[in-house]
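The chain contents come next:
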Amino acid sequence: AQQRYASIRDKPAETLDGVSISLLMNAGLMADLPSLDDSGAEGVGLFRTELQFLVRNKMPKRSELVALYDRVLDAAHGKRVVFRTLDIGSDKVLPYMKPNDEPNPALGWRAIRVGLDKPGVMRMQLQALLRAANGRPLSVMFPFVAQFEEYRAARAEVDKTIAREERLGHTLPESIEIGAMLETPSLAFAPQKFFDEVGFVSIGGNDLKQFFFAADRENERVRRRYDTLNVSFLSLLEQIVERCDRSGTPLSFCGEDAGRPVEALCLAAIGLRTLSMRPASIGPVKSLLRRTNLGEVRKIIFDARHRGDQSVRPAVMEYLRSIG
Ligand code: PEP
Ligand code: MG
């Protein structure tokens, strides 16, 4: 499939009416990195660091993490890599950590909640990231931020770690950007000041959708019941776009839907300008974007909502068939 899209690999993801969309890839293991060149991705929009913790049978040492992140940055040769701090708990349980028995793990002690309550591992990871960057730019984002205070607390951990590294005489990154994943509806309604302060926002559409519709992403019975192109969900996403725009905060979308061409097109139509997806999706998404007029899609979406459609998908599909 990658072969099929080779001819557009080095071409921009630009719509017929001249809107450029930045296409990034999701990764998590060293083995994913060669795809950065093959796919034509502009960078790594989501590096799921927990994967490297999940494939081991004991907690990695800080020195091992430094070596690992250094190799990741080397392999990216200058392209931006957004490292997401450990997203464990819920469906991702480390074999060497005591599992906590929770009735609703998806709503439980996970991700940044663990990181803030038991900061040892998070501090080690932040230190490893700072050391690995060693004079290069560093991008870090925190998963599952549900309220402003959690971002502030995590940010304070980063600042403390930076100060410590400086005292120890380590070279700091050339620049550091700290972002938050927006994966719970609550964060979309945070004070505007959150959007002013945060370095960037990345929408974790998989979790955001599961919590918005109260439909377990792992449960086959309900998983596909609610369409991503449901008008209610699009309204939520649009609100996030507006709030980030108002603060001049960079926004991306990194859930699986970013890699589905029709979904990606609609995300672009409602204002998303950066999408991060599995590498194999970049060709198909770029191909559709390059054949479409975004202004027309925006109009189709507007009309579908005006009519009271539940999802904009049927109307968008009909439009796509009409243009061939
Ligand atoms: C998401 O929730 O959309 C996301 C990108 O993170 P993960 O799939 O790893 O939970
Ligand atoms: Mg998530």
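Our structure is the block above this text.
Parameters at a glance
Residues numbered from 1 in each chain as written. Chains lettered and ligands numbered in written order. Predicted model: local features only at pLDDT ≥ 70, side-chain atom pairs only at ≥ 80, totals over all residues. Helix = DSSP H or I, 4+ residues; strand = E, 2+ residues; numbered from the N terminus. Buried ≥ 20, exposed ≤ 12 C-beta atoms within 10 Å, placed from the backbone. Contact = placed C-beta atoms within 7 Å. Pairing = 2+ DSSP bridges. Near = placed C-beta within 6 Å. Nonpolar A, V, L, I, M, F, W, Y, C, P; charged D, E, K, R; others polar. Expected span 1.5 Å × (residues − 1). Core = buried A, V, L, I, M, F, W, Y, C linked by C-beta atoms within 7 Å. Axes fitted to C-alpha atoms, helices over the stretch in contact; angles between N-to-C directions. Parallel < 35°, antiparallel > 145°, perpendicular 65-115°, else oblique. Left-handed = near helix turned anticlockwise from the far one by under 90°.

**What to know about the overall build of the protein chain**
(1) Moving on: In terms of regular secondary structure, the protein chain is built from 15 helices and 8 strands.
(2) Moving on: Seen through its principal axes, the protein chain has C-alpha atoms that stretch 60 × 45 × 35 Å.
(3) Moving on: Per-residue burial for the protein chain yields a buried fraction of 38% across its 324 residues.
(4) Moving on: Across the protein chain, contacts joining residues at least 24 apart in sequence account for 69% of those joining residues at least 6 apart.

**Focus: the pairing of strand β5 (residues 176–182)**
(1) Moving on: Counting buried positions along β5 yields 5 of 7 residues, so the element is predominantly enclosed.
(2) Moving on: Where strand β4 (residues 138–142) and β5 come together, 5 bridges link them in parallel fashion. Its bridge partner being in β5, Ser 139 is matched across the sheet by Glu 177.

**Here's the deal with the site of ligand 1**
(1) Moving on: With respect to spatial proximity, the complete set of residues near ligand 1 consists of Leu 46, Arg 48, Asp 87, Glu 183, Gly 204, Gly 205, Asn 206, Asp 207, Cys 254 and Gly 255.
(2) Moving on: Secondary-structure elements contributing two or more residues to the shell around ligand 1 are β2 (43–48) and α9 (205–212).
(3) Moving on: Broken down by element, the residue count for the shell around ligand 1 peaks at 3 residues, all from α9.
(4) Moving on: Looking at the shell around ligand 1 residue by residue, the classes come out as 2 nonpolar, 4 polar and 4 charged.

**A short note on helix α11 (residues 231–247)**
(1) Moving on: In a regular helix each residue adds 1.5 Å, so 17 residues correspond to 24 Å; α11 covers 25 Å between its end C-alpha atoms and thus fits that length.
(2) Moving on: Buried residues of α11: Phe 233, Leu 234, Leu 237, Ile 240, Arg 243 and Cys 244, and no others.
(3) Moving on: For α11, the secondary structure elements touched by its buried residues are β5, α7 (185–188), α8 (192–197), β6 (200–203), α9 and β7 (251–253).
(4) Moving on: With its phi angle positive at about 65°, Gly 248 sits one or two positions after the end of α11.

**Focus: unusual backbone geometry**
(1) Moving on: With phi around 50°, Ala 111 is a residue other than glycine that occupies positive phi space.
(2) Moving on: Take Ala 111: it is sitting in the loop between β3 (80–84) and α4 (112–117).
(3) Moving on: The exposure class assigned to Ala 111 is buried, which follows from the 26 C-beta atoms found within 10 Å.
(4) Moving on: With a phi close to 55°, Ala 214 is a non-glycine residue in the positive phi region.
(5) Moving on: In this fold, Ala 214 is placed in the loop between α9 and α10 (220–223).
(6) Moving on: Note on Ala 214: 8 C-beta atoms within 10 Å, which makes it exposed.

**Brief notes about the nonpolar core**
(1) Moving on: Core analysis: the largest hydrophobic core is formed by 81 residues, its most contacted members being Val 44, Leu 129, Ala 180, Cys 266 and Leu 275.
(2) Moving on: The dominant element in this core, judged by the number of residues it contributes, is helix α5 (residues 119–133), at 7 residues.
(3) Moving on: In contact with Val 44, not counting residues within four places along its chain, are Leu 24, Met 25, Ala 27, Leu 36, Ala 76, Val 81 and Val 82.

**Brief notes about the packing of helix α12 (residues 261–269) against helix α14 (residues 294–307)**
(1) Moving on: Orientation of α12 relative to α14, taken along the N-to-C sense of each, is 90°, at an axis distance of 9 Å. If you check the angle between α12 and α14, you find them roughly perpendicular. Across from Leu 265, Cys 266, Ala 268 and Ala 269 in α12, the residues of α14 making contact are Leu 294, Val 297, Arg 298 and Ile 301.
(2) Moving on: Looking at the contact of α12 with α14, its residues break down into 7 nonpolar, no polar and 1 charged.

**Observations concerning the environment of Val 222**
(1) Moving on: Checked against the element boundaries, Val 222 lands in helix α10.
(2) Moving on: Distance from Val 222 to Ile 300, taken between C-alpha atoms, is 28 Å for residues 78 residues apart in sequence.
(3) Moving on: Not counting the four nearest positions on each side in its chain, Val 222 is found in contact with Ala 215 and Asp 216.

**Comments concerning the pairing of strand β1 (residues 22–27)**
(1) Moving on: Of all 6 residues in β1, 5 are buried; the element is thus mostly enclosed.
(2) Moving on: Here 4 bridges tie β1 to strand β8 (residues 274–277), and the two strands are oriented parallel to one another. Considered in β8, the bridge of Leu 24 is made with Ser 276.
(3) Moving on: Where β1 lies against β2, 3 bridges are found, and the strand directions are parallel.

**Quick word on the packing of helix α3 (residues 62–75) against α5**
(1) Moving on: It is at 8 Å that the axes of α3 and α5 come closest, and there the two elements cross at 45°. One finds that α3 runs oblique with respect to α5. α3 and α5 meet at a crossing whose hand is right-handed. Of the residues in α5, those in contact with Arg 62, Leu 65, Val 66, Tyr 69, Asp 70 and Leu 73 of α3 are Met 124, Gln 125, Gln 127, Ala 128, Leu 129, Arg 131, Ala 132 and Ala 133.
(2) Moving on: A per-class count over the contact of α3 with α5 returns 9 nonpolar, 2 polar and 3 charged.

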